[in-house]
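Chain by chain, the residues run as shown.
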Amino acid sequence: MDTEAIREYLPRFAEAFLLTVRIGWMGIGLSLVIGIAGAFILHYRVPVLKGLTKGYIELFRNTPLLVQLFFIYFGLPKLGVMISPEVCGFVGLGLLGGSYMAESFRSGLEAVPGIQSESALSLGMNRRQIFFYVVLPQAFAVSSPSVVANVIFLLKETSVFSAISLMDLMFTAKDLIGLYYRTTECLTLLVVFYVIMLLPVSIVGRVLEKKVRSGYSHG
Amino acid sequence: MDKRELLSAEHVYKYFDGTPILQDINLKIKSGEVVVIIGPSGCGKSTLLRCLNGLEKIAEGKIELDGDMVDPASKEICRLRERIGMVFQSYELFPHKTILDNITLAPIKVQKRKRTEAEEEALKLLERIGLSAHKDKRPSQLSGGQKQRVAIARALIMHPELLLLDEITAALDPEMVREVLEVVLDLAKEGRTMLIVTHEMAFARAVADRIIFMDEGRIIEEGTPERIFEAPETERLQRFLDNMSF
């Protein structure tokens, strides 16, 4: 292992790391918004939208992210919508993640007993207040383990961003290997940066799960 | 004491999948009155309570709170429910909130009261039910009896005109029943209007101004506790009371 080379590549990897983290988390943010909206539509059986949401979820859960990104990146310009690789990565990840998050939140919503809403109703709360103050926080708690699993999955999925020429970690590693053939060094850096990106999430996830298990029995 | 009529239900009918649950229920509750409903399981007493604050839609009849129609489909229903407190058998505290936040959530969000003011009143209520030390705990850290007392405080902070108690001791371990019923007795003494469904006959007798006996969705008998327990007029009530005593 050539430490000199590692030191030399480090700035490029660090830059790629920041880009990956930024687009990854933006995509996750979008996926949470889509997921909550989708779960709401499914749980409360909103007419018309329910069918569309189901179709969306099945479509995005059963196609690879790479294919979805190609559709967005190469397909949209044909329809006259120009889109940068960054926006494409963000939107693509958000749409894929949204389909997974919707299912996670839906099962969380279903775990909240209906009588919780009734007790909130009896206190004079309206439907919106009940959803945001009573049902959603409990649904979050129940679904948090699977949401964390989704977050980890999505962060790992960012590795296909290189296919649409986003200079993420994977792209950088491949690029440097192609230029200098320092395969071992580049792959080591790649692993290290992915672990740096994901390990904190895993740890936070485990703490969350413990907290959820201890404090949330009903009554 | 003001003795105006607070709640009235006239000719109320309710069905579940075609099966009659409530049949021709007529009920009037005066301000300050404590009315207890007794009756066998499945006689419709809990359903009646749920209809009175609009959690269930009635098929026929009319329910009014101080002249305002209780109708789950109307826009005013949230305002009405605010005026009717309800405590459930299974407590239904919000598990993600502390005891204090459980009590202050509705006054802050629904009545738009200031947090400091709501918390001040919540602390007074907690002191009254002897749970001040638990204000920062989660519901899962409390016993059933403690949770049920918090549920009562959560209803009281809304200053309801009427309090509905739906078998509030039915899920409790026997040694916790007393601490909850004492709170209710205390409320009765200060002149709260309450409609109580219970299986605790001794408690019913102690707290009620009037007792209603229901069976198969109908009101069979009603009268003072003495009249109901000492001199039941119908065979059904006689049989029910015989079954309840050991």
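Everything discussed here concerns the structure shown above.
Rules of the game
- The written sequence of each chain sets the order in which its residues are numbered from 1.
- Chains carry letters and ligands carry numbers; both start at the beginning, A for chains and 1 for ligands, and go up in the order they are written.
- Confidence filtering applies because this is a predicted model: local features only for residues at pLDDT of at least 70, side-chain atom pairs given and counted only at 80 or more, and all residues used for totals across whole chains, interfaces and linings.
- By convention in this description, side-chain values take in all heavy atoms of the structure and omit both hydrogens and water.
- Numbering of helices and strands runs from the N terminus, with a helix taken as a DSSP run of H or I at least four residues long and a strand as a DSSP run of E at least two residues long.
- Throughout, exposure labels follow a simple rule: accessible area from a 1.4 Å probe, protein chains only, divided by the maximum for the residue type, with under 20% read as buried, over 50% as exposed, and the rest as partly exposed.
- Contacts between residues were defined by any pair of non-hydrogen atoms, one from each residue, lying within 4.5 Å.
- Two parts placed together each lose some accessible area under a 1.4 Å probe, and the buried area is that loss summed for both.
- Salt bridges are defined as contacts in which a side-chain nitrogen from Lys or Arg sits within 4 Å of a carboxyl oxygen from Asp or Glu.
- Identification of polar contacts relies on pairs of N or O atoms within 3.5 Å, with a donor-acceptor requirement for protein atoms, meaning one able to donate a hydrogen and the other able to accept it, and with residues adjacent in sequence counted only if both atoms are side-chain atoms.
- Gly is put with the polar residues, along with every residue not named as nonpolar or charged; the nonpolar set is Ala, Val, Leu, Ile, Met, Phe, Trp, Tyr, Cys and Pro, and the charged set is Asp, Glu, Lys and Arg.
- In this analysis, axes come from line fits to C-alpha atoms, helices being fitted only over the stretch in contact, and the angle between any two N-to-C directions falls in the range 0 to 180 degrees.
- Reported orientations rely on four angle classes, namely roughly parallel under 35 degrees, roughly antiparallel over 145, roughly perpendicular from 65 to 115, and oblique for the rest.
- Two helices crossing with the near one rotated counterclockwise from the far one by less than a right angle form a left-handed crossing, whereas a clockwise rotation gives a right-handed crossing.
- Count a disulfide wherever a pair of cysteine sulfur atoms falls within 2.5 Å.
- Two strands pair under a simple rule: DSSP has to find at least two bridges between them.
- For this analysis, a nonpolar core means a set of buried residues of the types Ala, Val, Leu, Ile, Met, Phe, Trp, Tyr and Cys, connected via side-chain atoms within 4.5 Å.
- Expected span of a helix: the number of residues minus one, times 1.5 Å.
- Each Phe, Tyr or Trp ring (for Trp, its six-membered ring) is paired with any other whose centre lies within 6.5 Å, and the angle between the two planes then decides the class: stacked below 30 degrees, edge-to-face above 60, tilted in between.
- In this analysis the charged atom, NZ for Lys or CZ for Arg, is taken to sit over a ring once it is within 6 Å of the ring centre and within 35 degrees of the ring normal.
- Directions drawn from the helix axis to the C-beta atoms are what define this arc.

A few words on the overall build of chain A. If you tally the helices and strands in chain A, you get 8 helices and 0 strands. Helices and strands in chain A line up, N terminus first, as α-α-α-α-α-α-α-α. In terms of principal-axis extent, the alpha carbons of chain A reach across some 70 × 45 × 25 Å. Counting all 219 residues of chain A, 44% fall into the buried class. Long-range pairs, those at least 24 residues apart, make up 79% of the contacts in chain A between residues at least 6 apart in sequence.

On to the interface of chain B and chain A. Contacts between the two partners involve 29 residues from chain B and, on the opposite side, 22 residues from chain A. For the pairing of chain B and chain A, the buried interface totals around 2,200 Å² over both sides, and the portion due to carbon and sulfur atoms is 61%. If you look at where chain B meets chain A, you find 1 salt bridge. A salt bridge links Glu-118 of chain A to Arg-50 of chain B, with the shortest nitrogen-to-oxygen separation between them at 2.7 Å. Inspection of the region where chain B meets chain A yields 6 residue pairs in polar contact (both at pLDDT 80 or more). Listed by contribution, the elements that provide at least two residues to the side of chain B that touches chain A are helix H2 (77-82), strand E6 (84-87), helix H3 (99-109) and helix H5 (144-156) of chain B. Its residues assigned to classes, the side of chain B that touches chain A shows 15 nonpolar, 4 polar and 10 charged.

The next thing to look at is the packing of helix H3 (residues 65-78) of chain A against helix H4 (residues 85-111) of chain A. Residues and elements named next belong to chain A. Following both chains from N to C, one finds H3 and H4 inclined at 135°, their axes separated by 9 Å at the closest point. The angle between the axes of H3 and H4 places the two elements in the oblique class. For the pair H3 and H4, the sense of crossing is right-handed. Between H3 and H4, the contacting residues are Leu-65, Gln-68, Leu-69, Ile-72 and Tyr-73 on the first element and Pro-85, Cys-88, Gly-89, Val-91, Gly-92, Leu-93, Leu-95 and Leu-96 on the second. Its residues assigned to classes, the contact of H3 with H4 shows 10 nonpolar, 3 polar and no charged.

All right, on to the state of the cysteines then. What makes a disulfide is a covalent bond joining the sulfur atoms belonging to two cysteines. Residue and element names in this part refer to chain B. Taken as a whole and assessed by the stated rule, the structure comprises 0 disulfides over all chains. Considering cysteine sulfurs only, Cys-43 is the nearest to Cys-51, which forms no disulfide, with 13 Å between them. The class for Cys-51 is buried, based on a relative accessible area of 2%. Its sulfur unpaired, Cys-78 is 17 Å from the next cysteine sulfur, which belongs to Cys-51.

Before going further, it helps to spend a moment on the pattern of salt bridges. Summed over all chains, the structure comprises 33 salt bridges over all chains. Where Asp-215 of chain B meets Arg-236 of chain B, a salt bridge forms, and the shortest distance between an N and an O atom there is 3.5 Å. A residue pair is termed long-range when its members are at least 10 positions apart, and Asp-215 of chain B in strand E9 (residues 210-215) and Arg-236 of chain B in helix H9 (residues 235-244) qualify at 21 residues. Under the relative-accessibility criterion, Arg-236 of chain B is labelled partly exposed at 31%. By sharing partners, the salt bridges in this structure join Glu-118 of chain A together with Lys-14, Arg-50 and Glu-56 of chain B into a single network.

This paragraph deals with the pairing of strand E10 (residues 218-223) of chain B. Residues and elements named next belong to chain B. Across 5 bridges, E9 lies against E10 in antiparallel orientation. Following the sheet pairing, Met-214 is matched in E10 by Ile-219. What sits between E9 and E10 in their antiparallel hairpin is a turn of 2 residues, with Glu-216 showing a positive phi close to 45°.

For soluble globular proteins, the rule of thumb is that nonpolar side chains tend to be buried together. Core analysis: the biggest nonpolar cluster contains 138 residues, and Phe-13 and Met-125 of chain A together with Leu-27 and Ile-38 of chain B have the highest contact counts within it. Tallying contributions element by element places helix H6 (residues 127-157) of chain A first for this core, with 12 residues. Apart from the residues lying within four places of it in its own chain, the contact partners of Ile-38 of chain B are Lys-45, Thr-198, Met-201, Ala-204, Ile-211, Ile-212, Phe-213, Met-214, Ile-228, Leu-237 and Phe-240 of chain B. In this structure, Tyr-56, Ile-57, Phe-60 and Ala-102 of chain A belong to the second largest nonpolar core, which totals 5 residues.

On to H5 of chain B. With 13 residues, H5 of chain B should reach 18 Å at 1.5 Å per residue; the first-to-last C-alpha distance of 18 Å fits that figure. Among the 13 residues that make up H5 of chain B, 13 are buried, leaving the element largely enclosed by the rest of the structure.

Attention shifts here to the packing of aromatic side chains. What the rule picks out here adds up to 13 aromatic pairs over all chains. Arranged with centres 5.0 Å apart and planes meeting at 70°, the rings of Tyr-73 of chain A and Phe-74 of chain A form a pair that is edge-to-face. Taking the centre distance of 5.2 Å and the plane angle of 75° together, the rings of Phe-105 of chain A and Phe-140 of chain A count as edge-to-face. In this pair, Phe-105 of chain A is assigned in helix H4 and Phe-140 of chain A in helix H6, connecting sequence segments 35 residues apart. A relative accessible area of 3% means that Phe-105 of chain A is categorised as buried. Put simply, the rings of Phe-40, Tyr-44, Phe-131 and Phe-132 of chain A pair up and form one aromatic cluster. Sitting above the plane of the Tyr-100 of chain A ring, Arg-61 of chain A keeps its charged end 5.3 Å from the centroid. Across the ring face of Phe-94 of chain B, the terminal group of Arg-154 of chain B is positioned such that the distance to the ring centre comes to 4.5 Å.

The next thing to look at is the environment of Val-207 of chain B. Residues and elements named next belong to chain B. Looking at the element boundaries, Val-207 is found in helix H7 (residues 201-207). Residues Val-207 and Leu-48, spaced 159 residues apart in sequence, show a C-alpha to C-alpha distance of 20 Å. Once you skip the residues sitting within four places of it in the chain, Val-207 turns out to touch Val-34, Val-36, Val-184, Leu-185, Ala-188 and Ile-196.

Glancing now at H9 of chain B. All names here are of chain B. Considered for burial, the residues of H9 that qualify are Leu-237, Phe-240 and Leu-241. Buried residues of H9, seen end-on, are gathered within an arc of 95° and therefore sit on one face of the element. Exposed residues pointing more than 90 degrees away from the buried face of H9 are listed as Glu-235 and Asn-243. At its buried positions, H9 is contacted by strand E3 (34-38), H7, E9, E10 and helix H8 (225-230).

Take the sheet that holds strand E8 (residues 194-197) of chain B next. Consider a sheet: its strands pair through backbone hydrogen bonds, and that pairing is either parallel or antiparallel. All names here are of chain B. With mixed pairing, the 6 strands of this open sheet are ordered in space as E6-E7-E8-E3-E9-E10. Each edge of the sheet is formed by a strand with only one pairing partner; in this case those strands are E6 and E10. The mean inter-strand angle of the sheet, taken between neighbouring strand axes irrespective of direction, is 20°. Pairing of E6 with strand E7 (residues 162-166) involves 4 bridges; the strand directions are parallel. Bridging from a neighbouring strand, Gly-85 pairs with Leu-163 of E7.

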